Amino acid sequence: MAAIVVVGAQWGDEGKGKATDILGCQVDYVVKPNGGNNAGHTVVVGGEKYELKLLPAGVLSENAVPVLGNGVVINLEALFDEIDGLEARGANASRLRISANAHVVAPYHQVLDRVQERFLGKRAIGTTGRGIGPTYADKVSRVGIRVQDIFDESILRQKVTSALDVKNQILVKMYNRKAIDPEQIVDYFLSYADRLEPMVIEAELELNRALDEGKHVLMEGGQATMLDVDHGTYPFVTSSNPTAGGACVGSGIGPTRITSSLGIIKAYTTRVGAGPFPTELFDKWGEFLQTTGGEVGVNTGRKRRCGWYDSVVARYASRVNGFTDLFVTKLDVLTGIGEIPICVAYDVDGRRFDEMPTSQSDFHHAEPIYETMPAWEEDITGCRTFGELPQRAQDYLNRLEELSGCRISYVGVGPGRDQTIVINDVMES
Ligand code: GDP
Ligand code: IMO
Ligand code: MG
């Protein structure tokens, strides 16, 4: 029995999709515990590139059952568009299962996301505009709509009507928008009911029974630690808990069952959207990482902000997620750059911080303290063992391991499924 949680260690886009795709071949279930169609995972299989937004990357694994867990927020239109797109390319999404307790994104959540961002002006979060924040806000305010509500028309009508009673006041009086007719929303949800129904299961029960039977379950977190609503750079975060604890809540799998907590971390750092980012680069190296790393958001097409590896962030993520292993991705991007800076601590107005500052103002003012290491010149994209890597690449990884408080078990040397070095296999730990 293995219950592995895959978590982004930085600000997202670390390569969680690729990591899940590799492990997905060895597990029975891949469950997405949080987020919605704000995610964007690129997976390259046999030279074919797939871009997933709402579905877990496990949908591309041959045998694993992909599951949208109770902690996910589902945009039904986006869900069926994505399934149709995959099936048109010959992929098989028919095994997909959905928790009856997952919440659904209503069209009014998307409207609210956009008007709220506009209203914030310069203070905008830079959300993906998919209605994620307003949907989670309704869930916590106990006025959300769940998947199971769609199969009981009278409950659905009651819930939509009471949610819109308040929202229409806000839309009309605060944002100068037209009121939304509840019947239109009820019809929107009902139009998906027949197609949705066969996919809906008691996911929390099924996943636990699978573990009881000795099967393997992988939880594929969306977003990342520094975007976590509790542990991230609040308020510049998403509205869910993409950390390991959140994966338990969002899948119904208890923390004592987790066998590995695998942190996915880039050999440098990127961020999309607004918010502090101490190692961000505004020079030719930022541009180098952006272009060589192909750092463009899958979801919104925005260029990702780029910077050097931040081991303060890595240590913090290792701590709050209890990482047992790290998967360092995109090491190949650093080939031939001369010297590689690694942020080891921050300087805040003359004070040194070896750990994440608690005060948001300190974090906003944090200046990275760097040490540098020489880069390797050799092409590493064909390396398949740690020993095949040039000595300087091995030294860089050894230093990252020392600084990050967790062993490195996987190294990515290219986007392909096979372009991975396995040092310790989490399926065997
Ligand atoms: P996710 O959101 O964490 O799944 O990550 P994204 O898919 O948004 O972004 C990661 C990008 O890096 C994708 O384009 C991957 O194909 C690519 N990628 C993943 N691992 C590696 C690697 O080791 N080397 C290179 N060059 N690209 C990688
Ligand atoms: P994956 O799973 C990178 C960012 C947005 C914005 C903030 C809030 O591909 O790593 P939201 O729409 O969630 O309310 O936006 O979070 N964000 C991501 N950044 N990768 C993601 O997902 C992200 N999902 C949300 O850019 O700054
Ligand atoms: Mg992504």
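The structure displayed is predicted, hence computed values, not measured ones.

Engineer: What is the right way to read the overall build of the protein from this model?
Structural biologist: In terms of helices and strands, the protein carries 13 helices and 20 strands. A globule of 429 residues ought to have a C-alpha radius of gyration of about 22 Å, and the protein, at 22 Å, matches this closely. Overall, the C-alpha framework of the protein stretches about 65 × 50 × 40 Å when taken along its three principal axes. Relative to its 429 residues, the protein shows a buried fraction of 57%. Considering only contacts in the protein between residues 6 or more positions apart, those separated by 24 or more positions represent 75%. If you sum the accessible surface of the protein, you get close to 17,300 Å²; carbon and sulfur atoms cover 49% of it. Side chains of the protein carry 43 positive and 57 negative charges; the gap between the two charge centres is 5 Å.

Engineer: Just to check I follow, could you spell out the UniProt feature "active site" (unreviewed entry) in the protein for this structure?
Structural biologist: Residues given the UniProt feature "active site" (unreviewed entry) here are Asp13, His41 and Lys139. These annotated residues cover 127 residues of sequence, and their C-alpha atoms reach 25.7 Å apart at the extreme, placing them across more than a single site. Looking at where histidine 41 falls in the secondary structure, it is placed in strand 3 (residues 41-45). When near neighbours in sequence (up to four residues on either side) are disregarded, histidine 41 contacts Lys16, Gly17, Tyr50, Glu51, Leu52, Leu55, Glu220 and Val298. In this structure lysine 139 comes out as partly exposed when scored by relative accessible area, which is 30%. Residues within four places of lysine 139 in sequence aside, it is in contact with Asn70, Gly71, His103 and Gly144.

Engineer: Is there a simple way to explain the site of ligand 1 in this structure?
Structural biologist: Lys16, Gly40, His41, Thr42 and Asp332 are the nearest of the 17 residues found near ligand 1. With respect to ligand 1, the backbone of glycine 414 contributes an N or O atom lying 3.2 Å from a nitrogen atom. Contact with the protein chains covers 92% of the free accessible surface of ligand 1, which is 590 Å². Going through the elements one at a time, helix 1 (16-24) and strand 3 are the ones with two or more residues in the shell around ligand 1. For the shell around ligand 1, the element with the highest residue contribution is helix 1, accounting for three residues. Its residues assigned to classes, the shell around ligand 1 shows two nonpolar, eight polar and seven charged.

Engineer: Got a minute to help me understand the coordination of the magnesium ion (ligand 3) in this structure?
Structural biologist: Around a metal, the idealised angle for a tetrahedral arrangement of four donor atoms is 109.5 degrees; for an octahedral arrangement of six donor atoms it is 90 or 180 degrees. The coordination sphere of the magnesium ion (ligand 3), as far as protein atoms go, consists of Asp13 (OD) and Gly40 (O), spread over 2.0 Å. Placement of the pair is aspartate 13 in the loop between strand 1 (2-8) and helix 1 and glycine 40 in the loop between strand 2 (29-32) and strand 3, with a sequence separation of 27 residues. In this structure glycine 40 comes out as buried when scored by relative accessible area, which is 13%.

Engineer: What should I look at first to understand the sheet that holds strand 1 in this one?
Structural biologist: Each strand in a sheet pairs with another by means of backbone hydrogen bonds, the pair being arranged parallel or else antiparallel. In space, the 10 strands of this open sheet follow the order 9-7-5-2-10-1-11-15-19-20, with mixed pairing throughout. Here the strands that pair on one side only, and so sit at the sheet edges, are strand 9 (200-201) and strand 20 (420-422).

Engineer: Help me understand the environment of tyrosine 234, please; the structure alone is not making it clear to me.
Structural biologist: Examined against the element boundaries, tyrosine 234 turns out to sit in the loop between strand 10 (216-220) and helix 9 (244-249). Looking at tyrosine 234, the relative accessible area reads 54%, which means it is exposed. For the pair tyrosine 234 and glycine 12, spaced 222 residues apart in sequence, the C-alpha separation works out to 15 Å. Not counting chain neighbours up to four residues away, the residues in contact with tyrosine 234 comprise Val229 and Gln360.

Engineer: Any chance you could explain the domain arrangement of the protein here in plain terms?
Structural biologist: Interface size is commonly expressed as the accessible surface area that is lost when the partners come together. Here the domain parsing of the protein yields domain 1 (2-91 + 202-428) and domain 2 (103-197). Relative to domain 2, the C-alpha centre of domain 1 lies at a distance of 30 Å. Each partner contributes residues to the interface: domain 1 has 28 residues there, and domain 2 has 23 residues. Taking both partners together, domain 1 and domain 2 bury about 2,000 Å²; carbon and sulfur atoms supply 58% of that area. In this structure, the connection of domain 1 to domain 2 is made through one salt bridge. Close ionic contact of arginine 195 with aspartate 84 constitutes a salt bridge, the shortest N to O distance being 2.8 Å. On the surface where domain 1 and domain 2 come into contact, there are 10 residue pairs in polar contact (both at pLDDT 80 or more).

Engineer: Help me understand the packing of aromatic side chains in this model?
Structural biologist: Aromatic ring pairs: the centre-centre distance and the angle between the two ring planes describe each pair. Scanning all chains against the criterion turns up 10 aromatic pairs. Put simply, the rings of Phe80, Tyr188, Phe189 and Tyr192 pair up and form one aromatic cluster. For arginine 89, the ring lying beneath its charged end belongs to tyrosine 50, and the centroid distance is 4.2 Å.

Engineer: Sorry if this is basic, but what is going on with the site of ligand 2 here?
Structural biologist: In the vicinity of ligand 2 there are 20 residues, among which Lys16, Asn38, Thr128, Gln223 and Thr238 approach most closely. Between lysine 16 and ligand 2, the recorded distance is 2.7 Å, taken from a side-chain N or O atom to an oxygen atom. Within the backbone of glycine 40, an N or O atom sits 2.9 Å from an oxygen atom of ligand 2. Contact with the protein chains hides 98% of the accessible area of ligand 2, taken as 550 Å² for the molecule alone. Residue classes in the shell around ligand 2 are distributed as six nonpolar, 11 polar and three charged. Looking at which domains feed residues into the shell around ligand 2, each of domain 1 (2-91 + 202-428) and domain 2 (103-197) supplies at least three.

Engineer: What exactly am I supposed to notice about the pattern of salt bridges here?
Structural biologist: A side chain with one charge can pair with a side chain of the opposite charge if their charged atoms come near. For the coordinates displayed, the defined rule picks out 23 salt bridges. A salt bridge links arginine 257 to aspartate 212; the shortest N-O distance between them is 2.8 Å. With a gap of 45 residues between them, arginine 257 in the loop between helix 9 and strand 11 (260-266) and aspartate 212 in helix 8 (residues 203-212) connect regions that are remote in the sequence. On the basis of relative accessibility, which here comes to 56%, the residue aspartate 212 falls in the exposed class. Among the salt bridges present, the one from aspartate 325 reaches arginine 407, with a minimum N-O distance of 2.8 Å. Here arginine 407 lies in the loop between helix 13 (391-404) and strand 19 (408-412) and aspartate 325 lies in strand 15 (residues 325-329), a separation of 82 residues in the sequence. A residue is classified by how much of its surface remains accessible, and aspartate 325, at 0% relative accessible area, is buried. Three or more residues joined by partner-sharing salt bridges are found here, namely Asp13, Lys266, Glu295, Arg304 and Lys330.

Rules and cut-offs
- Residues numbered from 1 in each chain as written.
- Chains lettered and ligands numbered in written order.
- Predicted model: local features only at pLDDT ≥ 70, side-chain atom pairs only at ≥ 80, totals over all residues.
- Heavy atoms only, no water.
- Helix = DSSP H or I, 4+ residues; strand = E, 2+ residues; numbered from the N terminus.
- Rg over C-alpha atoms; globule rule 2.2 N^0.38 Å.
- Buried < 20%, exposed > 50% of the residue type's maximum accessible area, 1.4 Å probe, protein only.
- Contact = heavy atoms within 4.5 Å.
- Areas by Shrake-Rupley, 256 points an atom, 1.4 Å probe, with all protein chains shown as cover.
- Lys, Arg positive; Asp, Glu negative; His and termini not counted.
- Charge placed at Lys NZ, Arg CZ, Asp CG, Glu CD.
- UniProt positions renumbered as here; feature names shortened; annotations may be inferred.
- Near = heavy atom within 4 Å.
- Polar contact = N/O pair within 3.5 Å; in protein donor to acceptor, adjacent residues only side chain to side chain.
- Nonpolar A, V, L, I, M, F, W, Y, C, P; charged D, E, K, R; others polar.
- Donors = N, O, S within 2.8 Å, 3.2 Å for Na, K, Ca; no water.
- Pairing = 2+ DSSP bridges.
- Domains from an automatic or database assignment.
- Buried area = accessible area lost by both parts, 1.4 Å probe.
- Salt bridge = Lys/Arg side-chain N within 4 Å of Asp/Glu carboxyl O.
- Phe/Tyr/Trp six-rings, centres within 6.5 Å; stacked < 30°, edge-to-face > 60°.
- Lys NZ or Arg CZ within 6 Å of the ring centre and 35° of its normal.

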